[in-house]
Amino acid sequence: HAKGVSAVAPEARTIIDIGGQDAKVISIDENGNVKNFVMNEKCAAGTGRFLEVMGRVLDTTIDGLSDMAERGEDGVTISSTCTVFAESEMISQLAAGKKIEDVALGAHKSIAQRVAGLVNRIGISPKVVLSGGVALNESVIKALEKELGYDIIRLKSPQTMGALGAAMYA
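In this text, all values refer to a predicted model and were calculated from it rather than measured experimentally. (Residues numbered from 1 in each chain as written. Predicted model: local features only at pLDDT ≥ 70, side-chain atom pairs only at ≥ 80, totals over all residues. Heavy atoms only, no water.)

Report on the side chain of Ser-131, specifying residues and quantitative values.
Mapping Ser-131 onto the fold places it in strand E4 (residues 128–131). Accessibility expressed as a relative area gives 0% for Ser-131, which makes it buried. Side chain to side chain, Ser-131 and Asp-17 meet in a polar contact 2.9 Å long. Other than its neighbours up to four places away in sequence, Ser-131 contacts His-1, Val-5, Ile-15, Ile-16, Asp-17, Ile-18, Pro-158 and Met-161. (Helix = DSSP H or I, 4+ residues; strand = E, 2+ residues; numbered from the N terminus. Buried < 20%, exposed > 50% of the residue type's maximum accessible area, 1.4 Å probe, protein only. Polar contact = N/O pair within 3.5 Å; in protein donor to acceptor, adjacent residues only side chain to side chain. Contact = heavy atoms within 4.5 Å.)

Below, the structure written as structure tokens:
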């Protein structure tokens, strides 16, 4: 990921990679070398799989979930670090009368909070890049920018950065 991102965004110093099953934060130097690295350790919460499950709860696709979140005004709190328990929390929020858009926004904010916890473990240096398939979700990017207090560089095809880096090594 460091090699791939450095090739397309050489100004990057912090890479957040959110894929289908894991999330990583990678600190790199001006030459694209890895300085520090941390990865989530608790189930799939804060990943693409989490968004898939939350979309299913709200009877929509991942794109539909992002669209719903864009219309949310006051995202609900989803505190569980496990996708299964977060799913139960979302169902409870809906049963309590919370608006579906606010629940969707809460799911995106939840990802941002989990990733911010990873970022805090190694620190953040501007410029920040989000890679992985979840980087195609504009609501996650906005939630991360708000949570971290930094703009996030949007890549043309963020889901291919790991493959690009591997190809460059090969």
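Can you tell me about a nonpolar patch on the surface, naming the residues and giving the values?
A cluster of nonpolar side chains, contributed by Val-34, Phe-37 and Met-39, occupies part of the molecular surface with about 260 Å² of accessible area. For Val-34, the location among the structural elements is in strand E3 (residues 34–39). A relative accessible area of 52% places Val-34 in the exposed class. (Patch = residues over 30% accessible without salt bridge, like charges linked within 9 Å, V, L, I, M, F, W, Y side chains within 5 Å. Areas by Shrake-Rupley, 256 points an atom, 1.4 Å probe, with all protein chains shown as cover. Salt bridge = Lys/Arg side-chain N within 4 Å of Asp/Glu carboxyl O.)

Pulling in residues and values, what's your account of the pattern of salt bridges?
The tally for this structure, following the rule as stated, stands at 8 salt bridges. Linking Arg-56 and Glu-87 is a salt bridge whose minimum nitrogen-to-oxygen distance equals 3.0 Å. Taken together, the residues span a long stretch of sequence, with Arg-56 in helix H2 (residues 48–57) and Glu-87 in helix H4 (residues 83–95) at a distance of 31 residues. Residue Glu-138 pairs with Arg-154 through a salt bridge whose shortest N-O separation is 2.7 Å. Of this pair, Glu-138 sits in helix H6 (residues 138–148) while Arg-154 sits in the loop between strand E5 (152–153) and helix H7 (161–169), and the two are 16 residues apart along the sequence. Classification of Glu-138 as partly exposed rests on a relative accessible area of 32%. Three or more residues are tied together by salt bridges with common partners; here these are Asp-17, Asp-22 and Lys-24.

Go over the packing of helix H3 (residues 62–71) against helix H5 (residues 100–122), please, and point to the residues and values.
It is the contact of H3 with H5, at a shortest axis distance of 7 Å, that shows an interaxial angle of 110°. One finds that H3 runs roughly perpendicular with respect to H5. Here Leu-65, Ser-66, Met-68, Ala-69 and Arg-71 of H3 lie close against H5, whose contacting residues are Ile-100, Glu-101, Ala-104, Leu-105 and His-108. Across the contact of H3 with H5, the residue classes tally to 6 nonpolar, 2 polar and 2 charged. (Axes fitted to C-alpha atoms, helices over the stretch in contact; angles between N-to-C directions. Parallel < 35°, antiparallel > 145°, perpendicular 65-115°, else oblique. Nonpolar A, V, L, I, M, F, W, Y, C, P; charged D, E, K, R; others polar.)

Explain unusual backbone geometry to me, and be specific about the residues and the numbers.
Negative phi is the rule for most residues except glycine; trans is the rule for most peptide bonds. Residues Pro-126 and Lys-127 are joined by a peptide bond in cis, for which omega reads 5°. Relative to the helices and strands, Lys-127 is located in the loop between H5 and E4. The backbone of Asp-59 sits at a positive phi, close to 55°, despite the residue not being glycine. Tracing the backbone shows Asp-59 in the loop between H2 and H3. Since its relative accessible area comes to 72%, Asp-59 is described here as exposed.

Could you give an account of the packing of aromatic side chains, naming the residues involved and the relevant values?
According to the stated counting rule, one finds 0 aromatic pairs in the structure shown. Here Lys-3 stacks its cationic end above the ring of Tyr-169, 4.9 Å away from the centre of that ring. (Phe/Tyr/Trp six-rings, centres within 6.5 Å; stacked < 30°, edge-to-face > 60°. Lys NZ or Arg CZ within 6 Å of the ring centre and 35° of its normal.)

Please give an account of the nonpolar core that cites residues and values.
With 40 residues, the main nonpolar core has Ile-16, Ile-18, Leu-130 and Leu-144 as its most contacted residues. When residues in this core are grouped by element, the largest group, 11 residues, is from H5. Judged by nonpolar contacts, the second largest core, of 10 residues, contains Val-5, Ile-28, Val-129 and Leu-155. (Core = buried A, V, L, I, M, F, W, Y, C linked by side-chain atoms within 4.5 Å.)

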